[in-house]
Amino acid sequence: MKNKMMKLAVWGLGKHAINNILPACKKSLDIELFGVYTRDELTRNKCAKNFDCRTWQNQYEMLDDPNVNIIYLSTPPALHYQSGIEILTSGKHFWCEKPFTTNLENTQHLIELSEKHNLTLAEGFMYLHHPQFLLLKEQLKMFKPNEIKLINSTFTLPFSETPGFRYNKELGGSALLDIGTYPLSIILHLIEDEQPQILLTKSNIDKSSKVDMSGFTILKSDGGTICNLFWGMGFGYRNEIDILTTKGSIYSDKIFSKKEDFVPKIFIRNNYGDISNIESKAENHFILMLRHFYSLISDSKKAQIEKEHILNLSRITEEIKIS
């Protein structure tokens, strides 16, 4: 049975929300962008006008609004936990930018709260819903787990003059939480039903801000796959995955982030080094992500899998932080 049209509010109006989430909401066929909210009055009024939706004077008006079914949270990571409690206890589905929270205990509590109120949770890894990732996943199904020997994944960004929360520890600034969760999440989705073992990990902490600016980890799956993951701020831009198997290798660029007109390719190298490629479709992965989130409302099995993915990523991220 098809869900009714759901009304969504976006809480938090930073650059990412304005440039990516709000336009995707407006183009969605499943949800209606009903309203926006941020504490900055000028920004919220401007966004409400530009995106033809309403706004509220404070978060409590938004949370109490009976017309709102879903809240998409796009605030700094350190605020996710408390806001998540408020969203779920107000009876609204909670869709959230990554990282879901800044620690495992808070993630577990929000999952328990969602189950108590029979509401969906979702974490905003848009790349998982792009044809590029799905095509990559299909290619890996051709191999047995012990034939996948090595996965290298890198996600690095240059320093930004307008970093927002990224260089602020109090707001949840962390290269691991903001950037490292991408390569970690792709491993958990490509090597399913496993929680890889951490062999080695290291973070580089900025002495002034106390924020971890970069890091790496080496994981090992039950099937013996070694995963080398590197992430960080203050580097040349990289966003890729490279997979070595007993029968060749698979590579793809811009696996995590790309513009909607970008046509991705999966490059396949055989045992003798000959290269071929498979072209993926160009798509807006934010629209596809929202479509997936919407499907969770009527599919309890998919909703439970989403929660398990959120929990597994939070668990391995916590292990890396402790290590």
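Relevant structure appears above.
What you see is a predicted model, and the numbers here were worked out from it, not measured in a lab.

Analysis parameters
Residues numbered from 1 in each chain as written. Predicted model: local features only at pLDDT ≥ 70, side-chain atom pairs only at ≥ 80, totals over all residues. Heavy atoms only, no water. Pairing = 2+ DSSP bridges. Helix = DSSP H or I, 4+ residues; strand = E, 2+ residues; numbered from the N terminus. Contact = heavy atoms within 4.5 Å. Axes fitted to C-alpha atoms, helices over the stretch in contact; angles between N-to-C directions. Salt bridge = Lys/Arg side-chain N within 4 Å of Asp/Glu carboxyl O. Buried < 20%, exposed > 50% of the residue type's maximum accessible area, 1.4 Å probe, protein only.

## Examining the sheet that holds strand E6 (residues 121-123)
- The strand order across the open sheet built from six strands is E3-E2-E1-E4-E5-E6, with neighbouring strands paired in parallel fashion. Every interior strand has two partners, whereas the edge strands, strand E3 (54-55) and E6, have only one.
- The pairing of strand E1 (residues 6-11) with strand E2 (residues 31-37) spans six bridges and is classified as parallel. Across the sheet, residue Leu8 finds its bridge partner in E2, namely Leu33.
- Across the face of the sheet, helix H4 (residues 80-89) comes into contact with E1, strand E4 (70-73), strand E5 (93-96) and E6 while running at roughly 155 degrees to E5.

## Some words on the pattern of salt bridges
- A full pass over the atoms with the stated rule returns 10 salt bridges.
- Of the charged contacts, one joins Asp65 and Arg54 as a salt bridge, the two residues approaching to 3.6 Å between their closest N and O atoms. Of the two residues, Asp65 is situated in the loop between helix H3 (59-64) and E4 and Arg54 in strand E3; the sequence distance between them amounts to 11 residues.
- The class for Asp65 is buried, based on a relative accessible area of 7%.
- Residues joined by salt bridges that share partners form a network here, namely Lys98, Arg166 and Asp178.

## Notes on the sheet that holds strand E14 (residues 275-279)
- Spatial ordering of the open sheet is given by E8-E9-E10-E7-E11-E12-E13-E14, a layout of eight strands whose pairing is mixed. Two strands in the sheet have a free side with no partner beyond their single neighbour: strand E8 (197-205) and E14. Ignoring which end each strand starts from, the neighbouring axes of this sheet average 10 degrees apart.
- Here strand E13 (residues 265-270) pairs with E14 via five bridges, running antiparallel. Considered in E14, the bridge of Ile266 is made with Ile278.
- Sitting on the sheet, helix H7 (residues 175-190) touches strand E7 (148-157), strand E9 (212-220), strand E10 (226-233) and strand E11 (238-245), and the angle it makes with E10 is about 155 degrees.
- Contacts from helix H9 (residues 300-322) reach E8 and E9 within the one sheet, and its direction differs from that of E8 by about 60 degrees.

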